[in-house]
Structures are given as C-alpha cells and as structure tokens.
Amino acid sequence: MKVIVVSSYDELSISAAEVIEHQVRVNPFSVLGLATGSTPIGTYRTLVKKHLEEKLDFSRVTTFNLDEYCNIEPSNPQSYAYFMKENFFSKVNIADHMTNLPESHAEDIEAVCMAYENKISSRGGIDLQLLGIGRNGHIGFNEPGDSFKSDTHRIKLDERTIKDNARFFKSIDDVPRYAISMGIKTIFSAKKILLIASGVDKAEIIYEMIHGQVRPAVPATILQMHPDVTVILDKDAAALLERRRTFN
Ligand code: GLP
C-alpha cells in the first residue's frame, strides 16, 4: 500500500485527479470505477478543470460506479446517479451509454447485480477504482461483516452509515435502508485502487485500515492484500498514523 499524505483537501483533490488523469492519458479506453460521497467532489472538480483547460479526453472511457441506494430514481437529487451527473458526467465529454450505476429501482435485484458484474467483466474489468471510506470502514456500501467474497449485491445499510448519510437528506427517516453495491470481490478485482480520505473524522479508521488485522468487521482492511493500492490522505485523516509513529 502506497500512502501519500498531503497538507490539505485541495491538494488531495489535485493528487487524486492526477492519478486518474495519468490512467486516462496512458489508456484512453480505461475502465474507471467511480465513487460518491463528499470526499471525491474536489477530485471530480479538478478532472473537469483538466478536461476544459488541458483537453483531458473522457470520450472513450467507460465508468462503473460503486453503488446506488435502493428504490431511488436517478432524478432524485439524493441518488448517486444524480450526484455523478451533477459533479462529473454532465461536465466532461463522456456519453451516457459509457457510464454505469447499479439500477437499484428494478424489480429483479439479483438479475441487476449479475448483469452489472457481467458488464464489468465484458469491458475487461476495472483498470482503476476510486474509493472513499466510511467511518465504520465500509468501502462502496460493503458494511462491517460483509463477506470478502461478495460480488455486486443488495446490502442493508449499517446504523452508523444511515446516521452519517442523513446529512444529505431532509431527515434520517428519508435515508434509504438498502443499497446495491459492488462487492468486496468486485472491488478487489480492480487492477489499481485509489483510496482518498480527508478530515479528522477519518483518522481512526484510516489507522485501522492500514495497521489493523485484515477482517470483514473492517471491510477496508482487505486492501492491505491488494497488490496496487494508493492511499491519498490529507494531514487530518493521517493524524493518527503520524502521532502513533512518533510515540511507538
Ligand atoms: C457513502 C458511499 C461510500 C463513501 C462513503 C464516505 O456511504 N457509499 O462510497 O466512501 O459514503 O463518504 P464521505 O466521502 O462523504 O465521507
């Protein structure tokens, strides 16, 4: 695991965007795995800037998002489909048919999950997967206790995740209780992984992800076993790495 610590959220966003830029410039046909949440917003903003000012071309890129809430229409501002449109897809030259999110309002969820996996495989797998991390260690929506062997599947959200994500909804009762997420196995199959985290709220889980025992109770610990992971942190998210090294 390569860990890069930068001084601010803005620097984190620039560094993460540069990793994605490199991927797309080296292979314009890249398959990107994308993430939502507040952390990657600056990364998307920087990529949009690179598209507008430095001709970064997304026209041949395919994207697969990690997850989507269940029973939420793409037109709902709280949906991840809407988030991606707002923050990225509508601002760069990527055609709708090249972007993919789990279709979470479908009736046959199992068929949707299988189709998502098959589509990722048919594109040759994910070249670079962008990840954030939940405060409980979730990646995508793979909550504590989920199997490391899971493919794309429906997930019951953890109480902590529901509380954490309530800030995006009118009230906590509006937060969907289920989501569809790529599984840990899907994420782990990506050729490269880029995880970003910002803020002191993430310091404890980042320490655990890097130094904790690998176990399903902390899903992100599985990344210790992946051969090509880059972690970019601002100094607040890295605070315990620094402090505990000083005192050890
Ligand atoms: C959500 C998403 C995750 C994301 C996490 C952290 O629950 N499903 O993919 O990593 O939140 O979000 P934030 O970046 O807002 O802390």
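Just above sits the structure.
Residues numbered from 1 in each chain as written. Predicted model: local features only at pLDDT ≥ 70, side-chain atom pairs only at ≥ 80, totals over all residues. Heavy atoms only, no water.

Asks: Is there a simple way to explain the sheet that holds strand β9 (residues 192-197) in this structure?
Replies: Hydrogen bonds between backbone atoms are what pair the strands of a sheet, whose relative direction is either parallel or antiparallel. Across the sheet, seven strands lie side by side as β1-β10-β9-β6-β2-β3-β5; this open sheet has parallel pairing. Where the open sheet ends on each side, the last strands, each with one partner, are β1 (2-6) and β5 (99-100). Where strand β2 (residues 31-34) lies against strand β3 (residues 62-65), four bridges are found, and the strand directions are parallel. Bridge pairing in β3 links Leu-34 to Asn-65. Across the sheet, helix α7 (residues 203-211) lies against β1, β9 and β10 (229-234), angled at about 150 degrees from β9, the strand it touches most. (Pairing = 2+ DSSP bridges. Helix = DSSP H or I, 4+ residues; strand = E, 2+ residues; numbered from the N terminus. Contact = heavy atoms within 4.5 Å. Axes fitted to C-alpha atoms, helices over the stretch in contact; angles between N-to-C directions.)

Asks: Would you take a moment to explain the site of the ligand for this structure?
Replies: Taken together, 14 residues lie near the ligand, and Ser-38, Thr-39, Asp-67, Arg-167 and Lys-202 sit nearest. Measuring from an oxygen atom of the ligand, one finds a side-chain N or O atom of Ser-38 at 2.6 Å. At a separation of 2.6 Å, an oxygen atom of the ligand approaches a polar side-chain atom of Lys-202. In isolation the ligand offers 390 Å² of accessible surface; the protein chains occlude 94% of this area. Along the lines of polarity and charge, the residues of the shell around the ligand split into three nonpolar, eight polar and three charged. (Near = heavy atom within 4 Å. Polar contact = N/O pair within 3.5 Å; in protein donor to acceptor, adjacent residues only side chain to side chain. Areas by Shrake-Rupley, 256 points an atom, 1.4 Å probe, with all protein chains shown as cover. Nonpolar A, V, L, I, M, F, W, Y, C, P; charged D, E, K, R; others polar.)

Asks: Just to check I follow, could you spell out the packing of aromatic side chains for this structure?
Replies: For any pair of aromatic rings, geometry is given as the distance between the ring centres together with the angle between the planes. Tallied over the entire structure, the rule returns nine aromatic pairs. Look at Tyr-69 and Phe-141: their rings are 5.5 Å apart centre to centre, the planes differ by 45 degrees, and that puts the pair in the tilted class. Of this pair, Tyr-69 sits in strand β4 (residues 67-69) while Phe-141 sits in the loop between β6 (128-131) and β7 (153-156); the two residues are 72 residues apart in sequence, bridging distant segments of the chain. Between the aromatic rings of Tyr-69 and Phe-169, the centroid separation amounts to 5.6 Å while the plane-to-plane angle is 80 degrees, which identifies the pairing as edge-to-face. Residue Tyr-69 is found in strand β4, and its partner Phe-169 is found in the loop between α5 (159-165) and β8 (178-181); the two are separated by 100 residues along the sequence. (Phe/Tyr/Trp six-rings, centres within 6.5 Å; stacked < 30°, edge-to-face > 60°.)

These values are about where atoms sit, not about what they do.
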